[in-house]
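The primary structure of each chain is shown beneath.
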Amino acid sequence: MNVLLGNKEYFKGIPQVKYEGPESNNPLAFHWYDENRVVAGKTLKEHLRFACAYWHSFCNDGNDPFGPGTHIFEWNSNPDAIQRAKDKMDAAFEFITKMSLPFYCFHDVDLVDYGTDVQENEKRLQALVAYAKQKQKESGVKLLWGTANVFSSPRYMNGAATNPDFHVLAHAAAQVKAAIDATIELGGTGMCSGAEERAI
């Protein structure tokens, strides 16, 4: 796997993390995990399918109950939603390839900011799916799974699939359908059911 940079390098001075063995003093190296070591007929890379969770690493703003977010990420500065999302994806694939992670996973709203218009949201998601597809091809990183976040928006305060307002239910259904399409397009191996279960 080669390190994949976008228009700029976000994690400067950080080389790709590789296996160097237990004798290495390099804190940015795998000392015990050798992805090519064969155990019980399969490599460790095949046994342990490490993935970067997009929302933890690139969307969490570090807030708490007493104040606003404290993580001011460089990739979140562009006022245009699509370009801001592409900048975040550049940073994500740089991080993922520097960490030598073979997979990533996401909620739809992690990839790009959503508004209130479900059709506009789907257009935004499709634009990022095309960008992600290009990044996957260039890096070899694969999508482990995708899913729809139908629980964080105030729209879903009374549920998504069980919401008594049919407009909200229909919005959730369209959002889940778009997330399934995105996951299939990117070759994901499945959907995360936990997110949908929380929404009910």
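Residues numbered from 1 in each chain as written. Predicted model: local features only at pLDDT ≥ 70, side-chain atom pairs only at ≥ 80, totals over all residues. Heavy atoms only, no water.

Trainee: When you look at the pattern of salt bridges in this model, what are you seeing that I'm missing?
Mentor: Once the charged atoms of two side chains with opposite charge are near each other, the side chains can pair. Applying the stated criterion to the full structure yields eight salt bridges. One salt-bridge network, held together by shared partners, links Glu-9, Glu-94 and Lys-98. (Salt bridge = Lys/Arg side-chain N within 4 Å of Asp/Glu carboxyl O.)

Trainee: Please clarify how the packing of helix α5 (residues 118-139) against helix α6 (residues 166-185) should be interpreted in this entry.
Mentor: When two helices pack together, you describe them by how their axes are tilted relative to each other and by the distance separating the axes. One can describe the packing of α5 onto α6 by two numbers: an axis separation of 10 Å at closest approach and a directional angle of 10 degrees. The angle between α5 and α6 falls in the class roughly parallel. Crossing hand, α5 versus α6: right-handed. Along its contact with α5, which presents Val-118, Asn-121, Glu-122, Leu-125, Val-129 and Lys-133, the element α6 presents His-171, Ala-174, Ala-178, Ala-179, Ala-182 and Glu-185. Taken together, the residues of the contact of α5 with α6 break down into seven nonpolar, two polar and three charged. (Axes fitted to C-alpha atoms, helices over the stretch in contact; angles between N-to-C directions. Helix = DSSP H or I, 4+ residues; strand = E, 2+ residues; numbered from the N terminus. Parallel < 35°, antiparallel > 145°, perpendicular 65-115°, else oblique. Left-handed = near helix turned anticlockwise from the far one by under 90°. Contact = heavy atoms within 4.5 Å. Nonpolar A, V, L, I, M, F, W, Y, C, P; charged D, E, K, R; others polar.)

Trainee: Looking at this structure, how should I read α6?
Mentor: An α-helical segment advances 3.6 residues per turn. Residues three or four places apart therefore align on the same side. Its 20 residues give α6 an end-to-end C-alpha distance of 28 Å, which sits within 8% of 28 Å, the value for a rise of 1.5 Å per residue. For α6, the complete set of buried residues consists of Val-168, His-171, Ala-172, Gln-175, Ala-178, Ala-179, Ala-182 and Thr-183. All buried residues of α6 fall inside an arc of 140 degrees around its axis, so they share one side. In α6, those exposed residues whose orientation departs by more than 90 degrees from the buried face are Phe-166 and Ile-184. Buried residues belonging to α6 abut α4 (108-111), α5, β5 (142-147) and β6 (190-191). Two or three places before His-167, at the start of α6, stands the capping residue Asp-165, its side-chain oxygen 2.9 Å from that residue's backbone nitrogen. (Expected span 1.5 Å × (residues − 1). Buried < 20%, exposed > 50% of the residue type's maximum accessible area, 1.4 Å probe, protein only. Arc of directions from axis to C-beta. Polar contact = N/O pair within 3.5 Å; in protein donor to acceptor, adjacent residues only side chain to side chain.)

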